[in-house]
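# What the coordinates show
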Amino acid sequence: MKHLDDSGSLKTETRLSHLGRSPAKHAGMVNVPIYRGSTILSETLEEYGSRMQDDPTANYGRFGSPLSRALEAAVCELEGGYRSILFPSGLSACAHSLLGVLKAGDHVLISDGVYAPLRTFADQVLTRFQIRVQYFHPTQPSELAAKINANTRAVYLESPSSLTFEVQDIPALAAIAHQSDALVILDNTWATPLYFKPFEHGVDISIQAATKYIVGHSDALLGIATANEAAWPALRSSAHDFGEIAGPDDIYLTLRGLRTLAVRMKQHWNNGLELAKSLQAHPAVDKILHPALFNDPGHAIWKRDFLGASGLFGVVLRPMSQRQLSVLFSRLQLFGIGWSWGGYESLVMLVDPSKRTETSLPFAGPLIRTHAGMESASDLIADLHQALRAAGEMTGGGVVRNEEAALMAGLSEPA
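Let me begin by describing the structure that accompanies this report. Small disclaimer: the values here were computed from a predicted structure and weren't measured. (Residues numbered from 1 in each chain as written. Predicted model: local features only at pLDDT ≥ 70, side-chain atom pairs only at ≥ 80, totals over all residues. Heavy atoms only, no water.)

## Overview of the packing of helix α11 (residues 261-279) against helix α14 (residues 377-393)
Selection rule: The angle between two axes is taken between their N-to-C directions and runs from 0 to 180 degrees, where each axis is a line fitted to C-alpha atoms and a helix contributes only its stretch in contact. In this text, helices come from DSSP runs of H or I with a minimum length of four residues, and strands from runs of E with a minimum of two, each type numbered from the N-terminal end. Helix crossings get a hand from a simple test, with the near helix turned counterclockwise from the far one by less than a right angle marking a left-handed crossing and a clockwise turn marking a right-handed one. Two residues qualify as a contact provided that any one of their heavy atoms is within 4.5 Å of a heavy atom in the partner residue. As a working rule, the residues Ala, Val, Leu, Ile, Met, Phe, Trp, Tyr, Cys and Pro are called nonpolar, Asp, Glu, Lys and Arg charged, and the rest polar, with Gly in that last group.
For the pair α11 and α14, interaxial distance at closest approach is 9 Å and the crossing angle is 35°. Here α11 and α14 pass one another in a crossing that is right-handed. Contacts between α11 and α14 involve N270, N271, E274, L275, S278 and L279 on the former and, on the latter, A377, L380, I381, L384, H385 and L388. Taken together, the residues of the contact of α11 with α14 break down into 7 nonpolar, 4 polar and 1 charged.

## Topic: unusual backbone geometry
Residues S159 and P160 are joined by a peptide bond in cis, for which omega reads -5°. Relative to the helices and strands, P160 resides in the loop between β4 (152-158) and α7 (170-179). Even without a glycine there, the phi angle at Q130 is positive, about 60°. Unlike most non-glycine residues, T192 shows phi in positive territory, near 65°. Tracing the sequence through the fold places T192 in helix α8 (residues 192-195).

## Some details on the pattern of salt bridges
Test applied: Salt bridges are counted wherever a side-chain nitrogen of Lys or Arg sits within 4 Å of a carboxyl oxygen of Asp or Glu. Only protein chains enter the accessibility calculation, which uses a 1.4 Å probe; a residue whose area is less than 20% of its type maximum is buried, one above 50% is exposed, and one in between is partly exposed.
Counted by the stated rule, this structure contains 13 salt bridges. Two residues, K103 and D106, come together in a salt bridge whose shortest N-O distance is 3.3 Å. K103 gets classed as partly exposed once you look at its relative accessible area, which sits at 49%. On the basis of relative accessible area, D106 is assigned to the buried category, the value being 3%. When the shortest N-O distance is used, the salt bridge between D112 and R119 registers 3.0 Å. Bridged by salt links that share partners, the residues K103, D106 and R153 form one connected network.

## Points about the packing of aromatic side chains
The condition is simple: In this analysis, rings of Phe, Tyr and Trp, with Trp reduced to its six-membered ring, are considered paired at centre separations within 6.5 Å, and the interplanar angle assigns stacked below 30 degrees, edge-to-face beyond 60, and tilted for intermediate values.
One pass over the full model with this rule turns up 4 aromatic pairs. Judged by centre distance (6.0 Å) and plane angle (80°), the ring pair of W190 and F306 falls under edge-to-face. In this pair, W190 is assigned in the loop between β5 (183-187) and α8 and F306 in the loop between α12 (299-305) and β9 (312-317), connecting sequence segments 116 residues apart. The burial state of W190 is the same as that of F306; both residues are buried. With 5.4 Å between their ring centres and 65° between their planes, Y195 and W269 make a pair best called edge-to-face. Of the two residues, Y195 is situated in helix α8 and W269 in helix α11; the sequence distance between them amounts to 74 residues. W269 gets classed as partly exposed once you look at its relative accessible area, which sits at 27%. By the ring-pair criterion, three or more aromatic residues cluster together here, those being W190, F196 and F306.

## As for the pairing of β9
Selection rule: At least two DSSP bridges between two strands are needed for those strands to be called paired.
Counting buried positions along β9 gives 6 out of 6 residues, so the element sits mostly inside the fold. Residues L312, G314 and V316 of β9 are buried on one face, and the alternating residues F313, V315 and L317, pointing to the opposite face, are buried as well. Pairing between strand β8 (residues 285-289) and β9: 4 bridges, direction antiparallel. Its bridge partner being in β9, V285 is matched across the sheet by L317. With 5 bridges connecting them, β9 and strand β13 (residues 367-371) associate as antiparallel partners.

## Points about the environment of I110
Assignment of secondary structure puts I110 in strand β2 (residues 107-111). Beyond its immediate sequence surroundings of up to four residues, I110 is in contact with L118, A122, V133, Q134, Y135, F136 and Y156.

## Overview of the nonpolar core
Side chains that are nonpolar tend, in soluble globular proteins, to be buried together. How we decide: In this description, a nonpolar core means a group of buried Ala, Val, Leu, Ile, Met, Phe, Trp, Tyr and Cys residues linked to one another through side-chain atoms lying within 4.5 Å.
If you look at the biggest cluster of nonpolar residues, it comprises 83 residues, and the most contacted ones within it are L71, V155, L258, L279, L317 and L388. Element by element, the count of residues in this core is highest for α11, at 7 residues. Residues contacting V155, with those up to four places away along its chain left out, are L109, F136, L144, I148, A177, A182, L183, V184 and I185. C94, I131, Y156 and A225 belong to the second largest nonpolar core, which has 33 residues in total.

## What to know about the packing of helix α3 (residues 66-79) against helix α10 (residues 248-259)
The geometry of α3 relative to α10 is characterised by a closest axis approach of 9 Å and an angle of 40° between their N-to-C directions. In this structure, α3 meets α10 at a crossing whose hand is left-handed. Contact residues: L67, S68, A70, L71, A74 and L78 in α3; P248, I251, Y252, T254, L255 and L258 in α10.

Here it is in structure tokens:
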């Protein structure tokens, strides 16, 4: 196919349909075929030597294929970085982004609201490598400034925060980090490359748990990390030195999902916002955690820095008994109960946001993480409201608080 216009005039929807594919290189196939293989043969010693000189990683399957490079190139352009690399899961991308830039004796500062498996990795693995791990309040740049020092090599952010959805002032935090020559790593999964442009706001490495919105169909696991030019060598080395490689079928499904990302994200954004608005005045609801709502504490920064919202948000309930919670979840017809999010299907999950050290939660009631899928917004609203109504009609049983609700559900988010 012809080369895309580099003037920036093409809309995102158009670019998503054309990035990362070249039918002329693949027997006219519209989609890049699945490449399975380990050994890559050269016809002559001279060809092998030329490959080694131009790109040593082109001679073995562990370093990628035309399929993986197509996805990496497409995501890199959407995020606005220098190069991207694939990992077998989102957590793997998170972990190796940190491992690539840290060494024994270094100090890393991590937002207190990050994805729980990343926190576990930092506390249990990074510390084992004699890396000092410290957390800071996600919405107070002054706390980051007070804790950063000459030994700080990385600042790890996630905006909005997992489970509680605080929006971080990424440009302000990045400026503080860069004054101390620390690299800024951001988990950008909630907004996707469409709704937040990390490298325009000072990020050095941006991570996508592509398992979520980019795949979009809950049928593949993949992580993607994108770096600017300065951070790229460390990121690439971390992936290659640990032998990280994603499977070709998962890569193919991810590239396929990318084609419809813009259309799906509009639906997720609309459904999530409509559902959140419908619950704001519900008698069983204490508060809604959604930065696109005008009364959310993070709304001003969201409106300034983001280009849209996803379908993921939090619903804080008023005190409920265990019996009421059981009725609420059992009565839902359109919402599945399960981990992950970002697929076409709607999900709910009782979660525990209390595993923090720097943040006092401003609520005590049970927290439901809600993912609005691609169903009709009116149907989702009706389903969740009828389930809440059924729970409200139940009586008896002691009140369940956040920690008790988490224990009741046996919560431990998978890595």
